[in-house]
Amino acid sequence: MTDDIHAATSGSPDEPASHHDPSPARAAVTEQATSSSVAPTSNVAPHRTRKSHGHARRRWFVSLCVAPATILFLIVLVYPTIKVFWMSFFQRTAYSDTQTFVGLSNFQKLFHDPNFVRSFQNTILLLVVVTIVTFAFALVFAAILSREKVKGDSFFRVIFYIPNILSIVVVSAIFSAIYKPENGLLNTILSLFKGEPVQIMWKSERLVILALIIAMVWQAIGYYMVMYMASISSVPESIYESASLDGASNFKQFFTITIPMIWTNIRTTLTFFIISTINMAFLFVTAMTGGGPNGASEVVLTYMYTQAYTNASYGYGMAIGVMVFLFSFILAALVNKVTERDVLEF
């Protein structure tokens, strides 16, 4: 009985089981299905490999293009900046390797140095006044030459831009001649109106900052005027026409349309100008007044140079440089934050 059940369950030993020994037709179908499923993979893999190689080559090309500028940036800017910070903790001369670590003593000395405080005040005064006057005149002149039908507007563009082409030394020489008390152009013109000789000392302690402001504004105004003229010309004319139909005057259009529409450009140039004015003040003071008379026109960079290379206080001069760096960085960040506005699209 058991043998019959086993025979019924297992089948005859002489009869092959179909699920253990597949037929040739079924084996061919299985092989074809397997080959068809593998074939696409063999085609996709080389494509992905070529794509990854393309990305790798592109990354290498970009890296090679950026590398020279990055290396130059690190050597010329980053390393000297770190070196200035490091040297500010030492007491040494500019032309000697002998140095003594003094920690924060140079920075403590700054706030008790009346000459540094005065030079810093002069720097802030120039920054504020020159920036406000330059941008006010640049915007007004740009709006007049762009919006009003001025005859010979191209001629005025060239005339206003010429001072920016001249070097600071040339501009300083021109204004030094204008400010001469004996026969300078400014005193000569005032003498014609007054009817008697005028000999105002424009480089005296009382007026020297004003003399610097006039020269710096004259040199910078044309460059920013041309930039704002380009921005104003991109504002659609239909906006001004709609405002005119609504009864808006040119004065109102200037503050409600022109300035908001070019605000992004104003913001960018403002940050750039404030930082560059610190360097420009150093050049003008060095070329025009030398920091005199009696330190009345001294700015923070000229004082730093005097301390580092004239008074043999190199570490103290580097401490002043660190303060200028931090002041410039904080001021740029503050200006960016204060002038932040929503971008107007047209």
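Details of the structure are given in the entry above.
Residues numbered from 1 in each chain as written. Predicted model: local features only at pLDDT ≥ 70, side-chain atom pairs only at ≥ 80, totals over all residues. Heavy atoms only, no water.

**Student:** How should the packing of aromatic side chains be read in this particular structure?
**Tutor:** Both the distance between ring centres and the angle between the ring planes are used here to describe each pair of aromatic rings. This structure, assessed with the given rule, holds 23 aromatic pairs. With 5.7 Å between their ring centres and 85 degrees between their planes, F85 and F325 make a pair best called edge-to-face. With F85 in helix α2 (residues 24–87) and F325 in helix α13 (residues 314–338), the pair connects residues that are 240 residues apart, well separated along the chain. A relative accessible area of 29% means that F85 is categorised as partly exposed. Assessed through its relative accessible area of 38%, F325 is described here as partly exposed. Ring geometry for F254 versus F255: centroids 5.0 Å apart, planes at 85 degrees, classification edge-to-face. Accessibility expressed as a relative area gives 14% for F254, which makes it buried. The partly exposed category is assigned to F255, whose relative accessible area is 44%. Within the aromatic cluster, the residues linked to one another by ring pairs are F135, Y161, Y223, Y224, Y228 and F273. It is K109 that lies over the ring of Y316; its NZ or CZ is 4.3 Å from the centre. (Phe/Tyr/Trp six-rings, centres within 6.5 Å; stacked < 30°, edge-to-face > 60°. Helix = DSSP H or I, 4+ residues; strand = E, 2+ residues; numbered from the N terminus. Buried < 20%, exposed > 50% of the residue type's maximum accessible area, 1.4 Å probe, protein only. Lys NZ or Arg CZ within 6 Å of the ring centre and 35° of its normal.)

**Student:** Would you mind showing me how to read the nonpolar core here?
**Tutor:** If you look at the biggest cluster of nonpolar residues, it comprises 63 residues, and the most contacted ones within it are L126, Y228, F284 and I320. Examining the composition of this core, we find that 15 residues originate from one element, helix α8 (residues 208–233), more than from any other. The contacts of Y228, once residues within four sequence positions are left out, are F135, A138, L139, A142, N265, I266 and T269. Core analysis: the next-biggest nonpolar cluster, separate from the first, contains 5 residues, M87, A94, A308 and M318 among them. (Core = buried A, V, L, I, M, F, W, Y, C linked by side-chain atoms within 4.5 Å. Contact = heavy atoms within 4.5 Å.)

Treat this as a map of the structure, not an account of what it does.
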